[in-house]
Amino acid sequence: MSKVKKKVKVIKIDIEKCNGCRACEIICSAYHAAPKYSSNNPARSRIRLIRDPIKDIYLPVYAGEYAAAECMGRDIYVIDGREYAECDFCRAACPSRDVFKEPDSGLPLKCDMCEDEKEPLCVKWCLAEALTYEEREEEAEEEVKLDDMEIGLKSLVDKYGFQNLVDSVVRMTQKG
Ligand code: SF4
Ligand code: SF4
């Protein structure tokens with residue numbers, strides 16, 4: 001497989017600087033509204049703030065990959081004397097919670113780094129400078145891009161299992 005140059009986009013999170021204002025959630029949901037900026041709803045944001053003022057916890061977390069099943073083991077982090085709940089640092093939309101799911105459809109949400117914007121909007125709107133943006137180039141193996149049909153098949157396999165899918169196709173061809 002050939003090597004290609006890949007641009008890696010990184011948002012650095014300094015949780016000590018986060019004051020819990022939630023501006024990042026508001027701008028992210030507004031940017032991704034259809035049409036753009038027509039509404040805002042933190043539940044549709046691809047960055048969520050884990051917030052517990054009594055414990056002085058303000059933790060911004062970005063939506064990552066969708067997980068079809070919830071994980072069997074969980075972690076508890078204690079940082080600077082603050083104990084975080086088991087799923088606080090997790091970036092996945094998974095069946096065990098409602099975070100990072102589009103509230104109407106239930107479809108998973110994922111941070112897209114604001115697509116064509118020069119700088120992610122959550123970073124721009126974070127006046128406390130808890131979020132900073134960095135770009136770097138890395139060499140990587142060329143990715144094999146899945147086409148639409150393969151993506152659709154993969155989600156069906158994830159949902160129903162490979163054997164059930166094969167059985168359905170066999171039944172369909174026998175009927176046809
Ligand atoms: S905008 Fe910045 S300070 Fe406000 S909640 Fe988001 S990360 Fe925290
Ligand atoms: S980078 Fe863009 S898409 Fe990702 S969380 Fe921030 S505002 Fe949302």
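Quantities reported herein were computed from a predicted structural model and do not represent experimental measurements.

Parameters and conventions
- Residues numbered from 1 in each chain as written.
- Chains lettered and ligands numbered in written order.
- Predicted model: local features only at pLDDT ≥ 70, side-chain atom pairs only at ≥ 80, totals over all residues.
- Core = buried A, V, L, I, M, F, W, Y, C linked by C-beta atoms within 7 Å.
- Buried ≥ 20, exposed ≤ 12 C-beta atoms within 10 Å, placed from the backbone.
- Helix = DSSP H or I, 4+ residues; strand = E, 2+ residues; numbered from the N terminus.
- Contact = placed C-beta atoms within 7 Å.
- Near = placed C-beta within 6 Å.
- Nonpolar A, V, L, I, M, F, W, Y, C, P; charged D, E, K, R; others polar.

Colleague: Just checking my understanding: could you explain the nonpolar core for this structure?
Modeller: C24, C28, I47, A63, C122, C126 and L131 are the most contacted members of the largest nonpolar core, which totals 23 residues. Those elements that place two or more of their residues in this core are α1 (23–31), β3 (57–62) and α2 (121–125). With sequence-adjacent residues up to four places away left out, I47 is seen in contact with C24, E25, C28, P60, V61, Y62, C111 and C122.

Colleague: Looking at this structure, I do not really get the site of ligand 2. What am I missing?
Modeller: Taken together, the residues surrounding ligand 2 are C28, Y31, R46, I47, Y62, C111, D112, M113, C114, P120, L121 and C122. Contributing elements (two or more residues each) for the shell around ligand 2: α1 and α2. Of the residues contributing to the shell around ligand 2, the split by class is 10 nonpolar, no polar and two charged.

Colleague: Explain the site of ligand 1 here, please?
Modeller: Close to ligand 1 lie 15 residues, the nearest being C18, C21, C24, C126 and A128. Contributing elements (two or more residues each) for the shell around ligand 1: α1 and β3.

Colleague: I tried to follow unusual backbone geometry on my own but got confused; where do I start?
Modeller: Excluding glycine, a negative phi dihedral is what most residues carry, and trans is how most peptide bonds are arranged. Following A34, the chain continues to P35 via a peptide bond in cis, the omega torsion being -10°. Here P35 shows up in the loop between α1 and β2 (47–52). Even without being a glycine, Y37 presents a positive backbone phi close to 65°. Despite not being glycine, D80 has its phi angle at roughly 50°, a positive value. Mapped onto the fold, D80 is located in the loop between β4 (78–79) and β5 (82–83).

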